[in-house]
Amino acid sequence: MSEARERTNRAMLRVRDTLDRDYDQDLDVEALARLVHVSPDHLIRTFRSVFGETPHRYLQRRRVERAMFLLRTTDLDVTEVCLAVGFTSLGTFSGMFSAVVGQSPSEYARHATLPAVPGCFMMAWTRPSTFTHGSPSRPSSPSSPSSPSSSVSEKPDTTSPH
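The sections below set out a description of the structure shown in this document. All of these numbers come straight from a predicted model, not from anything done at the bench.

### Quick look at the side chain of T18
Piece 1. For T18, the position within the fold is in helix α1 (residues 3-21).
Piece 2. T18 has contacts with Y23, L27, L32 and L35, leaving out every residue within four places of it along the chain.

Here it is in structure tokens:
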């Protein structure tokens, strides 16, 4: 691997680690870009080429993953979970959750029982791998990373992943 590619990958890992750690905070692409000393547009393009999705999509999916965990393991209601994972709008949260998981947060909370299996298998089974239920795993059109209410409908990616 070239030195430049390694620097790029490390920078994108730094951004992803920030998204993982601070998913419940109000994050914007400009601040993330400053973190790795690139322009916001360059960050979006590079992050997508490295991880297959934009920083905004990654953040939304991360928030939904955390919400799934909280709905399964706590007695918090949907509104409390919505706020705990960083959403400011219950409507946006419910729509995003439904698009990723395939059912509303309330339905998920009522029916979220997992078999007794090792944690690594449970995480693999419950991790949302696509942004829209039943669509290809690599969405083709990036959405605005600073817009929490961006559309979740995607067109299939017709480009090669490499």
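Still more to cover.
### Thoughts on the pattern of salt bridges
Piece 1. Applying the stated criterion across every chain yields a total of seven salt bridges.
Piece 2. One network of salt bridges, in which partners are shared, links D20, E53, R61, R62 and E65.

### A look at helix α6 (residues 90-101)
Piece 1. With 12 residues, α6 should reach 16 Å at 1.5 Å per residue; the first-to-last C-alpha distance of 16 Å fits that figure.
Piece 2. Among the residues making up α6, those that are buried are T92, F93, M96, F97, A99, V100 and V101.
Piece 3. Near the N-terminus of α6, the side chain that reaches the backbone nitrogen of G91, with its oxygen 3.4 Å away, is that of S89.
Piece 4. Downstream of α6 by a residue or two, G102 has a phi angle that is positive, lying close to 95 degrees.

### Focus on unusual backbone geometry
Piece 1. At H37, a residue that is not glycine, the phi angle is positive and equals roughly 60 degrees.
Piece 2. The residue H37 is located in the loop between α2 (29-35) and α3 (40-51) in this model.

### Topic: the packing of α1 against α3
Piece 1. As a packed pair, α1 and α3 sit with axes 10 Å apart at the nearest point and diverge in direction by 95 degrees. Here α1 is positioned roughly perpendicular relative to α3, judged by the angle of their axes. Contact residues: α1 offers T8, N9, M12, L13, V15, R16 and L19, while α3 offers L43, T46, F47, V50 and F51.
Piece 2. In terms of residue class, the contact of α1 with α3 is built from eight nonpolar, three polar and one charged.

### Describing the side chain of E53
Piece 1. Structurally, E53 is set in the loop between α3 and α4 (55-73).
Piece 2. At 2.5 Å, the side chain of E53 and the side chain of R61 are in polar contact.
Piece 3. Those residues in contact with E53, other than ones at most four positions away along the chain, are F47, R48, Y58 and R61.

The rules we used
- Residues numbered from 1 in each chain as written.
- Predicted model: local features only at pLDDT ≥ 70, side-chain atom pairs only at ≥ 80, totals over all residues.
- Heavy atoms only, no water.
- Helix = DSSP H or I, 4+ residues; strand = E, 2+ residues; numbered from the N terminus.
- Contact = heavy atoms within 4.5 Å.
- Salt bridge = Lys/Arg side-chain N within 4 Å of Asp/Glu carboxyl O.
- Expected span 1.5 Å × (residues − 1).
- Buried < 20%, exposed > 50% of the residue type's maximum accessible area, 1.4 Å probe, protein only.
- Polar contact = N/O pair within 3.5 Å; in protein donor to acceptor, adjacent residues only side chain to side chain.
- Axes fitted to C-alpha atoms, helices over the stretch in contact; angles between N-to-C directions.
- Parallel < 35°, antiparallel > 145°, perpendicular 65-115°, else oblique.
- Nonpolar A, V, L, I, M, F, W, Y, C, P; charged D, E, K, R; others polar.

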